[in-house]
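Here are the chains, one letter per residue:
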Amino acid sequence: MNIQDLIRPTVKALKPYSSARDEYQGNSDAMVFLDANENPFENGVNRYPDPQQRTVKSLLSEIKSIPQKNILLGNGSDEVLDLIYRAFCEPNQDNIITLPPTYGMYSVLANINAIAIKSVQLDEKFQPKVDKILEIADVNSKVLFLCSPNNPTGNSFEAKSIEKMIKQFKGVVVIDEAYIDFSNEESWLSRLKEFPNLIVTQTLSKAYGMAGIRLGICYASEEIISILNRIKPPYNVNELTQQKAIEQLEQNELTNQQVANILNERNILIEKLNGIDFISKIYPSDANFILAKVDNATKRYDELIQKGIVIRNRTTQPGCENCLRFTVGTPQENKILIDALNSI
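Everything in this summary refers to the structure shown in the same document. These figures come from a predicted structure and were not determined experimentally.

**With respect to unusual backbone geometry**
Inference 1: With an omega dihedral of 0 degrees, the bond running from Pro 100 to Pro 101 counts as a cis peptide bond.
Inference 2: With respect to the element layout, Pro 101 can be found in the loop between β2 (95-98) and α5 (105-112).
Inference 3: Of the consecutive residues Ser 148 and Pro 149, the connecting peptide bond is found in the cis state with omega at 0 degrees.
Inference 4: By the element assignment, Pro 149 lies in the loop between β4 (141-147) and α7 (159-168).
Inference 5: The backbone of Asn 92 shows a phi angle near 60 degrees, a positive value even though the residue is not glycine.
Inference 6: By the secondary structure assignment, Asn 92 is in the loop between α4 (76-88) and β2.

Below is the structure:
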């Protein structure tokens, strides 16, 4: 596959903006910076941030065993996804494929960018209908979004199905791995070199506990990363976000311990939820949340709100009628939830 054939002509012809920090990349020690029209009085954030977030990428490269040249960072994963649309999808001409029920921003971003949406609902086990997906793809199908582990269902897609789609889909395949740290399944990062059309997105919002700093990660071939760097805003990840990310990534053992605690609590919560009489099914979860089918999702949601507990009512999503989604909380929060469910 020639990735260049998938890029929008206007993006190919684009001359990217070169910021002051892009132009000077030498040693900054003892240098006097008078190039970027910054306020010279030091307060920790008076200088523009590193536009390529080199220190953050260096830490991620070490943790994930992926070269820095294969990493792009965004203002949350949503910015990364938006860049993918803008690089590969021609407005009012191209389309993307989604597999509902899934993360809602794929469709929102498609609508914002004037890109048509083709949808193939997951089967009753929340697995992709591979043959149907490949059948509906046409010459203008530029991106296929696979959320695995999937939100809101919590399950991972079968590896053989994903591999078939990557090999046979004629566009870019994006595997959204926001919840991969909670799964026993191997990340597709380990096979990134095999597939030139594969993009893997991850985040620091879930396992790393930094939803508030908005830092999304894109892993792809050097060619794709180069394309996305062409169109990203010059300073899309601010200095405070970079500082906090560095601080947390340097404590990777703490993250691993928190993930282990969440997985332990997930198992306990599943066991307790199975004892609630109006819960008829608990779906398998490779994420930090649990999807459960109840007798009346809206009624149970409202009852929990009255008890001061906010969960997610997913009953309007395809295949999720009367389903509630429970995020795994602290041991105390989970006990409060179970006590409330037993009392209503």
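Having seen the model, we can carry on.
**Side note on the packing of aromatic side chains**
Inference 1: All chains considered together, the criterion is met by seven aromatic pairs.
Inference 2: Between Tyr 106 and Phe 145, the aromatic rings sit 4.7 Å apart at their centres with planes inclined by 10 degrees, giving stacked as the arrangement. Of the two residues, Tyr 106 is situated in helix α5 and Phe 145 in strand β4; the sequence distance between them amounts to 39 residues. Pair check on accessibility: Tyr 106 and Phe 145 agree, each one buried.
Inference 3: Between Phe 126 and Tyr 283, the ring centres sit 5.2 Å apart and the planes meet at 50 degrees, which makes this aromatic pair tilted. You can see Phe 126 sitting in the loop between β3 (116-119) and α6 (130-136) and its partner Tyr 283 sitting in the loop between β8 (279-282) and β9 (289-294), a full 157 residues away along the chain. Note on accessibility: Phe 126 and Tyr 283 belong to one class, buried.
Inference 4: These aromatic residues form a ring-pair network of at least three members: Tyr 85, Tyr 103, Tyr 106 and Phe 145.
Inference 5: Positioned over the ring face of Phe 33 is Arg 21, at 4.8 Å from the centre of the ring.
Inference 6: Between Arg 300 and the ring centre of Phe 278, over which it is positioned, the NZ or CZ distance is 3.9 Å.

**Quick word on the packing of helix α10 (residues 252-273) against helix α12 (residues 331-343)**
Inference 1: Contact pair α10 / α12: the axes reach a minimum separation of 11 Å and the direction vectors enclose 5 degrees. Comparing their axes, α12 and α10 come out roughly parallel. Contacts from Glu 265, Leu 269, Lys 272 and Leu 273 in α10 reach Pro 331, Asn 334, Leu 337, Ile 338 and Leu 341 in α12.
Inference 2: Residues belonging to the contact of α10 with α12 are distributed by class as follows: six nonpolar, one polar and two charged.

**Describing the pattern of salt bridges**
Side-chain pairs of opposite charge can arise whenever the charged atoms involved come near each other.
Inference 1: Under the criterion given, the structure shown has 18 salt bridges.
Inference 2: Arg 47 is paired through a salt bridge with Glu 38; the nearest N and O atoms lie 2.6 Å apart.
Inference 3: Via salt bridges that share partners, Arg 21, Asp 35, Glu 38 and Arg 47 belong to a single interconnected network.

**Description of the sheet that holds β3**
Inference 1: Pairing is mixed across the open sheet formed by seven strands, whose spatial order is β1-β7-β6-β5-β4-β2-β3. Since the sheet does not close on itself, it has two edges, and those belong to β1 (71-74) and β3, each with one partner. Direction aside, neighbouring strands of the sheet carry axes that sit 25 degrees apart on average.
Inference 2: Of the strand pairs in this sheet, β1 and strand β7 (residues 216-219) are connected by four bridges, and their pairing is antiparallel. When the sheet's bridge partners are listed, Ile 71 is paired in β7 with Tyr 219.
Inference 3: Together, β1, β2, β4, β5 (172-176), β6 (198-203) and β7 form the strand contacts of α4, whose direction differs from that of β7 by roughly 40 degrees.

**Things to note about the nonpolar core**
Inference 1: Ranked by internal contacts, the top residues of the largest apolar core, which has 49 residues, are Leu 99, Leu 144, Leu 146 and Tyr 219.
Inference 2: What Leu 146 contacts, discounting residues up to four positions off in sequence, is Leu 99, Phe 157, Ile 162, Met 165, Val 173, Val 174, Ile 175 and Asp 176.
Inference 3: Core analysis: the second largest hydrophobic core is formed by 31 residues, Tyr 106, Ala 110, Val 174 and Ile 231 among them.

**Points about the sheet that holds β9**
Inference 1: Overall, antiparallel pairing links the four strands, which are arranged β8-β9-β11-β10 in an open sheet. Looking along the sheet, the strands with just one partner apiece sit at the ends: β8 and β10 (312-313).
Inference 2: Note that β10 and strand β11 (residues 323-327) share two bridges and pair antiparallel. By the bridge assignment for β11, Arg 312 is matched with Arg 325.

**A closer look at the side chain of Ser 183**
Inference 1: Summarising the element assignment, Ser 183 is placed in the loop between β5 and β6.
Inference 2: In terms of polar contacts, Ser 183 uses its side chain to reach the backbone amide nitrogen of Glu 185, at 2.9 Å.
Inference 3: Dropping the residues within four chain positions of it, Ser 183 is found in contact with Pro 149, Ser 156 and Asp 286.

**Examining helix α9 (residues 239-249)**
Inference 1: All of the buried residues along α9 are Thr 241, Gln 242, Ala 245, Gln 248 and Leu 249. Taken end-on, α9 shows its buried residues confined to a sector of 135 degrees, consistent with a single buried face.
Inference 2: Buried positions along α9 lie against α3 (54-64) and α10.
Inference 3: N-cap assignment for α9: the residue whose side-chain oxygen lies 2.9 Å from the backbone N of Leu 240 is Asn 238.

Thresholds applied
- The residue numbers shown here count from 1 along each chain, following its written sequence.
- Where local features are concerned, this predicted model is filtered to residues with pLDDT of at least 70; where side-chain atom pairs are given and counted, the filter is 80 or more; whole-chain, interface and lining totals use all residues.
- Side-chain measures here rest on the full set of heavy atoms in the structure, leaving out hydrogens and waters.
- Secondary structure follows DSSP: runs of H or I at least 4 residues long count as helices, runs of E at least 2 residues long count as strands, and numbering of each begins at the N terminus.
- Working definition: rings of Phe, Tyr and Trp (its six-membered ring) pair if their centres are within 6.5 Å, and the pair is stacked with planes under 30 degrees apart, edge-to-face with planes over 60 apart, and tilted otherwise.
- Partly exposed describes any residue whose relative accessible area lies between the buried limit of under 20% and the exposed limit of over 50%, with all areas from a 1.4 Å probe on protein chains only and scaled to the type maximum.
- Counting as a charge over the ring demands two things of the Lys NZ or Arg CZ atom: a distance within 6 Å of the ring centre and an angle within 35 degrees of the ring normal.
- To get an axis, a line is fitted to the C-alpha atoms, and for a helix only the part in contact is used. The angle between two axes follows their N-to-C directions and goes from 0 to 180 degrees.
- Angle categories are assigned with fixed cut-offs, so that under 35 degrees is roughly parallel, over 145 is roughly antiparallel, 65 to 115 is roughly perpendicular, and the rest are oblique.
- Residue contacts follow a heavy-atom distance rule, with two residues in contact if any of their heavy atoms lie within 4.5 Å.
- Side-chain classes follow a simple rule in which Ala, Val, Leu, Ile, Met, Phe, Trp, Tyr, Cys and Pro form the nonpolar group, Asp, Glu, Lys and Arg form the charged group, and the remainder, Gly included, forms the polar group.
- The rule for a salt bridge is simple: a side-chain nitrogen of Lys or Arg has to be within 4 Å of a carboxyl oxygen of Asp or Glu.
- When DSSP finds two or more bridges between two strands, those strands count as paired.
- Nonpolar cores are built from buried Ala, Val, Leu, Ile, Met, Phe, Trp, Tyr and Cys residues. Side-chain atoms within 4.5 Å join them into one set.
- Each polar contact in these results corresponds to two N or O atoms within 3.5 Å; when the atoms are within protein, one needs to be able to donate a hydrogen and the other to accept it, and residues that are neighboring in sequence are counted only if both atoms are side-chain atoms.
- Each C-beta atom gives one direction from the helix axis, and the arc is the one those directions make.

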